[in-house]
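So the chains spell out like this:
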Number of protein chains: 2
Amino acid sequence: MTLKAVARELNVSTATISNAFNRPDQLSASLRDHILLECKRLGYHGPNAAARSLRTGATGIVGVMLAERLSYNFRDSCATEFLQGVSEVLDDARANLLLMPGRDEFYHEQSMESIPDRYIVYGPPRDLSVLNRLVRQHKPVVTVDFTLENHLSLNVDNYGGARKAADHVFSQTRGDVVVIGLRLTKSDDVGRIDSSELFDASMSISRQRLEAYRDSALAHNYTLGDDRVWNTHESTWADGVKAAREALAMNPRPTAMLCMSDQLALAALSVARDMGLSVPEDVRIVGFDDIPEARQMHPTITTVYQPSIEKGRLAAMMVLNPERYESRVLPTHLQVRETG
Amino acid sequence: MTLKAVARELNVSTATISNAFNRPDQLSASLRDHILLECKRLGYHGPNAAARSLRTGATGIVGVMLAERLSYNFRDSCATEFLQGVSEVLDDARANLLLMPGRDEFYHEQSMESIPDRYIVYGPPRDLSVLNRLVRQHKPVVTVDFTLENHLSLNVDNYGGARKAADHVFSQTRGDVVVIGLRLTKSDDVGRIDSSELFDASMSISRQRLEAYRDSALAHNYTLGDDRVWNTHESTWADGVKAAREALAMNPRPTAMLCMSDQLALAALSVARDMGLSVPEDVRIVGFDDIPEARQMHPTITTVYQPSIEKGRLAAMMVLNPERYESRVLPTHLQVRETG
DNA sequence: TTGAAAGCGCTACCAT
DNA sequence: ATGGTAGCGCTTTCAA
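Now for a quick tour of the structure. (Residues numbered from 1 in each chain as written. Chains lettered and ligands numbered in written order. Predicted model: local features only at pLDDT ≥ 70, side-chain atom pairs only at ≥ 80, totals over all residues. Heavy atoms only, no water.)

Across its full length, chain A holds 13 helices and 13 strands. When the backbone C-alpha atoms are referred to their principal axes, chain A occupies close to 85 × 35 × 35 Å. Buried positions account for 59% of the 340 residues belonging to chain A. Of all intrachain contacts in chain A linking residues separated by at least 6 positions in sequence, the fraction that spans at least 24 positions is 70%. Surface exposure of chain A reaches about 13900 Å², of which carbon and sulfur atoms provide 47%. Separation of charge centres in chain A, based on 38 positive and 44 negative side chains, amounts to 5 Å. (Helix = DSSP H or I, 4+ residues; strand = E, 2+ residues; numbered from the N terminus. Buried < 20%, exposed > 50% of the residue type's maximum accessible area, 1.4 Å probe, protein only. Contact = heavy atoms within 4.5 Å. Areas by Shrake-Rupley, 256 points an atom, 1.4 Å probe, with all protein chains shown as cover. Lys, Arg positive; Asp, Glu negative; His and termini not counted. Charge placed at Lys NZ, Arg CZ, Asp CG, Glu CD.)

A cis amide bond links B:Asn251 to the next residue, B:Pro252, at an omega of 0°. With respect to the helices and strands, the residue B:Pro252 is situated in the loop between helix H10 (237-248) and strand E9 (256-259). Cis geometry marks the peptide bond from B:Val279 to B:Pro280, where omega comes out at 10°. Mapped onto the elements, B:Pro280 comes out in the loop between helix H11 (262-274) and strand E10 (284-286). Backbone geometry places A:Arg94, a non-glycine residue, at a positive phi of 60°. Relative to the elements of secondary structure, A:Arg94 occurs in the loop between helix H6 (77-93) and strand E2 (96-100).

Turning to the sheet that holds E10(B), a few remarks are in order. Residues and elements named next belong to chain B. With respect to topology, 5 strands assemble into an open sheet ordered E7-E8-E6-E9-E10, the strand pairing being mixed. On the outer flanks of this sheet lie strand E7 (191-192) and E10, each paired with one strand and no other. In the sheet, E9 pairs with E10 via 3 bridges, with the strands oriented parallel. Among the inter-strand pairings, leucine 258 is bridged to a residue of E10, identified as valine 286. Across the face of the sheet, helix H9 (residues 205-219) comes into contact with strand E6 (177-182), strand E8 (229-232) and E9 while running at roughly 170° to E6. On the sheet, H11 packs against E6, E8, E9 and E10 and is oriented at approximately 160° with respect to E10. (Pairing = 2+ DSSP bridges. Axes fitted to C-alpha atoms, helices over the stretch in contact; angles between N-to-C directions.)

Here we come to the relation of the copies chain B and chain A. The two copies are related by a screw motion: chain B maps onto chain A through a turn of 180° and a shift of 0.0 Å along the axis, at an RMSD of 0.1 Å. When the rotation and shift are considered jointly, the pair of chain copies conforms to a two-fold rotation axis. Closest approach to the rotation axis among the C-alpha atoms of chain B is made by B:Leu98, whose C-alpha sits 2.3 Å away. Looking at chain B, 100% of its interface residues are interface residues in chain A too, so the copies touch through the same face. (Least-squares fit on C-alpha atoms with pLDDT ≥ 70 in both.)

Within the secondary structure, B:Ile61 sits in strand E1 (residues 61-66). In this structure B:Ile61 comes out as buried when scored by relative accessible area, which is 0%. Separated by 34 residues in sequence, B:Ile61 and B:Ala95 place their C-alpha atoms 5.6 Å apart. Excluding its chain neighbours within four sequence positions, the residues that come into contact with B:Ile61 are A:Leu98, A:Met112, A:Ile115, B:Asn96, B:Leu98, B:Ile115, B:Pro116, B:Asp117 and B:Arg118.

This next bit is on the pattern of salt bridges. Oppositely charged side chains may form a pair once their charged atoms are brought near each other. All names here are of chain A. Inspection of every chain in the model, using the stated rule, returns 40 salt bridges over all chains. Among the ionic pairs, aspartate 226 bridges to arginine 214, the shortest N-O distance being 3.0 Å. In this pair, aspartate 226 is assigned in the loop between helix H9 (205-219) and strand E8 (229-232) and arginine 214 in helix H9, connecting sequence segments 12 residues apart. For aspartate 226, a relative accessible area of 24% gives the class partly exposed. (Salt bridge = Lys/Arg side-chain N within 4 Å of Asp/Glu carboxyl O.)

Attention now moves to helix H2 (residues 14-22) of chain B. Along H2(B), the residues classified as buried are B:Thr16, B:Ile17, B:Asn19, B:Ala20 and B:Phe21. Of the surrounding elements, those touching the buried residues of H2(B) are helix H1 (3-10) and helix H3 (29-42) of chain B.

So, on to the protein's contact with DNA strand D. Neighbouring DNA strand D are 25 residues; A:Thr16, A:Gln26, B:Leu3, B:Tyr44 and B:Arg55 lie closest to it. Within the contact set of DNA strand D, a phosphate oxygen lies 2.5 Å away from a side-chain nitrogen or oxygen of A:Thr16. A:Arg55 is positioned such that a nitrogen or oxygen atom in its side chain is 3.1 Å from a base nitrogen of DNA strand D. Of all the secondary structure elements, the ones that give two or more residues to the surface near DNA strand D are helix H2 (14-22) and helix H4 (49-56) of chain A together with H1, H2 and helix H4 (49-56) of chain B. For the surface near DNA strand D, the per-class residue count stands at 10 nonpolar, 11 polar and 4 charged. (Near = heavy atom within 4 Å. Polar contact = N/O pair within 3.5 Å; in protein donor to acceptor, adjacent residues only side chain to side chain. Nonpolar A, V, L, I, M, F, W, Y, C, P; charged D, E, K, R; others polar.)

Encoded structure:
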């Protein structure tokens, strides 16, 4: 069933059918009602979205570009909460949600970026080429957790949160402190970092957190050298366990671990207990994000709260009405609980 | 940048550019390489997806139709795990994922269903009209957690799992057993059910679970009447708390609760503890799904395992290659832990 | 191996 | 208030 077929069936022009759906003021109410009723009877449910979009350039679809592959985001509580916030607002706005990976290899010779009307870019895409293609569409874009010149952005106060966490840790411990970092470099491996390979601070929230940890260390007469900072590629149990094992094998054993996500902190906690260590007596563990599990675990995790759901809601509202908003930085705060 | 513009720029026909992207065998390798290189230079990243789809009817997008609004699915661990499985497979297949709500009101006069090439329908859509529109597209469809005539479906053994859970409970307790159900009727309210309003068993996994509970009760000389079955609208903390409060206020107090999701069981557990009850001594609590939290909480939740991630993977594989698969029912099994 | 041209389904302009 | 029609960007047949 196409618009043309309906027009023929009802003996009116295609323009009239189109108007019945898109511009009610262009025809009499009675004709419009008649047409809409007949369309229902004939099984025509409104203009084909692809064809309409070709003509108008609009689909009502909001693209959410993720930093990595799609599946990663459903494993990460933080990302899931963010998407929850986004989808709440899109639901109300009657917009659909297209998820797009941030890796170039996923776009084999098709310009999928033409489908959505607007974009939320959640974290710096792994391949910047993908971002460039997107920007060239001249559609509303909101970047989240990083900034892009001439575009609206939404960030949280990573430096402030991390600083508070580190200040708290350094004021409580006399021993060695280590960092379990997240995506600080391009490396896929888990291991100590090499500062020369760090991502740029403007593009990497992890880098911002690291700076805060280091500044705090300095303020407490301690140095957080490369030999005390581990990198992980994903905020997963596996990566966290690997890094924590290496870190806790250091001699002398660290007395505190600053983890860049709660997921990593949870893994570190498990490793510490397997080694027979008491938390926080033998080793303090502090996370980041404040995912629900941080509150539910025993012991509960000391961490930095960031408003993930709210971030999603706001990102969606910003991209739907860019003219009404300005770039923002949302606050974070320290949640002292049992592990630190 | 359009294909036409590129063609003009390079002094070849539009057909040749199109072939360079879609049918490499139709032109010389050298010309193709030249064209692809020039396209990159000119910032043309391949054919516009909307236009191509208008012509070919294919977009490389897989639609996942959800039973309800989008946001609900990001709050539900089960749904999130399912989507994780789906997206793993779609990642590998280089397909994109369009999330679509299952409520009619979200499709205001636009036939969005023309965009995806294939559909996974996760749970019976709240409004069947949406499903009908979808089916009329004659695209591959896989239904999950319900069946649809002439279409591939993927289910789990709800009856079997629920039966094992109930048999376990009835063999352990002499007192009153209540059910905290999930979407057993259309009602948005939390409260006791009226059996005459129950959904049809073929469309409702909850109904299947209820039948299993009731059959098990009968086998143990007990009757699970309407006054012992609560309905909730969403598998959320709030709904669970409300239902559990009412149920535990019964006189005599129930000694076991069969909950249709772990989320509801978690809420019931919290209510029981707030009332000063010991679990499982005073009241046994059994869930369904086996979400990660069920293992992590203290006490750990006795529940029925269903393979949510695997269900997602399989649904995606089925919809990508419908001819290679048949409808299936995946097994479930009882996980006895501390609460029951 | 390459090119010309029709047409996918629709909307927006301009006529009437 | 309604209709005629060009053209959005592309693919595909057919002809050269």
